[in-house]
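Below, each chain spelled out in residue letters.
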Amino acid sequence: IERTDISFASGDKNELCRGWLYLPDDRRGRVPAVVMAHGFAAVKELRLDAYAEKFAAAGFAVLVFDYRHFGSSDGEPRQLIDIGRQLEDWRSALSFIRLHSEVDHNRIALWGTSFAGGHVVEIAASDPKIRCVISQVPHLDGFASAAVAGGAQAARLAMEAARDAASGLIGLDPHYVKVAGSPGELAAMTSENVATTWPKMVPQGFSFDNRVAARIFLHLPLYSPERLAEKMIMPWLIQIATRDMTTPVAPAERAAERAPLATLTRYEADHFDVYLPPLFDKVVAEQVAFLKKHL
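Each value, and the rule that gives it
Residues numbered from 1 in each chain as written. Predicted model: local features only at pLDDT ≥ 70, side-chain atom pairs only at ≥ 80, totals over all residues. Heavy atoms only, no water. Salt bridge = Lys/Arg side-chain N within 4 Å of Asp/Glu carboxyl O. Helix = DSSP H or I, 4+ residues; strand = E, 2+ residues; numbered from the N terminus. Buried < 20%, exposed > 50% of the residue type's maximum accessible area, 1.4 Å probe, protein only. Polar contact = N/O pair within 3.5 Å; in protein donor to acceptor, adjacent residues only side chain to side chain. Contact = heavy atoms within 4.5 Å. Phe/Tyr/Trp six-rings, centres within 6.5 Å; stacked < 30°, edge-to-face > 60°. Lys NZ or Arg CZ within 6 Å of the ring centre and 35° of its normal. Pairing = 2+ DSSP bridges. Axes fitted to C-alpha atoms, helices over the stretch in contact; angles between N-to-C directions.

With that out of the way, let us pick up the pattern of salt bridges. Summed over the entire model, instances satisfying the criterion amount to 20 salt bridges. The partner of Arg254 in a salt bridge is Asp141, and the shortest N-O contact between them spans 3.5 Å. Remark: Asp141 occurs in the loop between strand 6 (132-136) and helix 4 (142-148) and Arg254 occurs in helix 8 (residues 250-258); sequence separation between them is 113 residues. Accessibility expressed as a relative area gives 16% for Asp141, which makes it buried. Here Glu230 and Arg258 are joined by a salt bridge, their closest N and O atoms 2.8 Å apart. Of this pair, Glu230 sits in the loop between helix 7 (216-219) and strand 10 (236-241) while Arg258 sits in helix 8; the two residues are 28 residues apart in sequence, bridging distant segments of the chain.

The next point concerns the side chain of His69. Locating His69 in the fold gives a position in the loop between strand 4 (61-65) and helix 2 (83-98). On the basis of relative accessible area, His69 is assigned to the buried category, the value being 1%. At a separation of 2.8 Å, a polar atom in the side chain of His69 contacts the main-chain carbonyl oxygen of Pro77. Ignoring sequence-local partners within four residues, the contact set of His69 consists of Asp74, Gly75, Glu76, Pro77, Arg78, Gln79, Leu80 and Arg85.

In this structure the tally under the stated criterion is 14 aromatic pairs. By way of ring pairs, the aromatic residues Tyr51, Trp111, Trp198, Phe208, Phe272, Tyr275 and Phe280 are connected into one cluster. For Lys44, the ring lying beneath its charged end belongs to Trp20, and the centroid distance is 5.1 Å. Directly above the aromatic system of Tyr176 lies the positively charged group of Arg211, at a separation of 4.0 Å from the ring centroid.

Attention shifts here to the side chain of His119. Checked against the element boundaries, His119 lands in helix 3 (residues 115-124). A polar contact is formed between the side chain of His119 and the side chain of Gln86, at a distance of 2.8 Å. Contact partners of His119, with chain neighbours within four places excluded, come to Tyr67, Ile83, Gln86, Leu87, Trp90 and Tyr223.

With respect to the secondary-structure elements, Gly118 resides in helix 3. The exposure class assigned to Gly118 is buried, which follows from its relative accessible area of 0%. Beyond its immediate chain neighbours, meaning those up to four positions away, Gly118 contacts Pro138, His139, Leu140, Tyr223 and Pro225.

The subject of this paragraph is the sheet that holds strand 2 (residues 15-23). Strand order in the open sheet formed by 8 strands is 1-2-4-3-5-6-10-11, and the pairing between neighbours is mixed. Both outer strands of the open sheet, strand 1 (2-10) and strand 11 (262-267), are each paired with one neighbouring strand and no more. The average angle at which neighbouring strand axes cross in this sheet is 20 degrees, direction not considered. Here strand 3 (residues 31-37) runs beside strand 4; their pairing, made up of 4 bridges, is parallel. Counterpart to Val34 in the pairing with strand 4 is Val62. Its contacts with the sheet place helix 2 against strand 1, strand 2, strand 3, strand 4 and strand 5 (103-113), and it is angled at close to 125 degrees to strand 1.

Honestly, it's all geometry; don't read function into it.
Shown next as structure tokens:
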């Protein structure tokens, strides 16, 4: 498998999103492609290479990228989640891959996990040329995801978000909170599953910036890609973890009922279990089979 570092411009300022492009080395002519990005405040080094290698070994080109403000990509201030900008980065990634000389631009799939599991719905619902979509443990209903944290934690995060928003208005540096923490900590995600499993996703020697600008918590409850389920006219694989304490399963179940060509798969697991063996092997095998069938 051939992997190269790539970059593409996104946004009015032509800031660079950086990532990896995988190409199968036994390709004959143009190949179908999968475009991938991570979830809430995560970066490509947190196990996306494991998925991409499986897809490339199955004969697909794979584009993996970091959003602006995160990882190796441009964008100031750092660790800022702006939903509109992230969706713009997805569209820029699609433009990049569709123009690649090795890729069949008529056979493109989107893969998103967690927060990006909702992003891919936003993109595909307005782009009928997308051949198929995978949403892994997806965020599909903002109020439901916010409610998982509980009222007290949600109130604490809202206070931090207001403080950060005020900082942004007067040009100060962002006010940050932790992305992942233990139960009781002030962080975006604080389940036992986060505390025990998230560290295993970070490669040894890799320095993960465990912060996010708090203003996102003002916008998160209003972001509900589930509303677009009927517009998902292409095959759509939705994989949920039945004990998920990060992204609730009910919105995904409702979306699967309303989408014309959705397939819903349940795993007896919590949110982050899907990223790591042994469950990872089963989850990614289903994804590969889905891509081979529809892409």
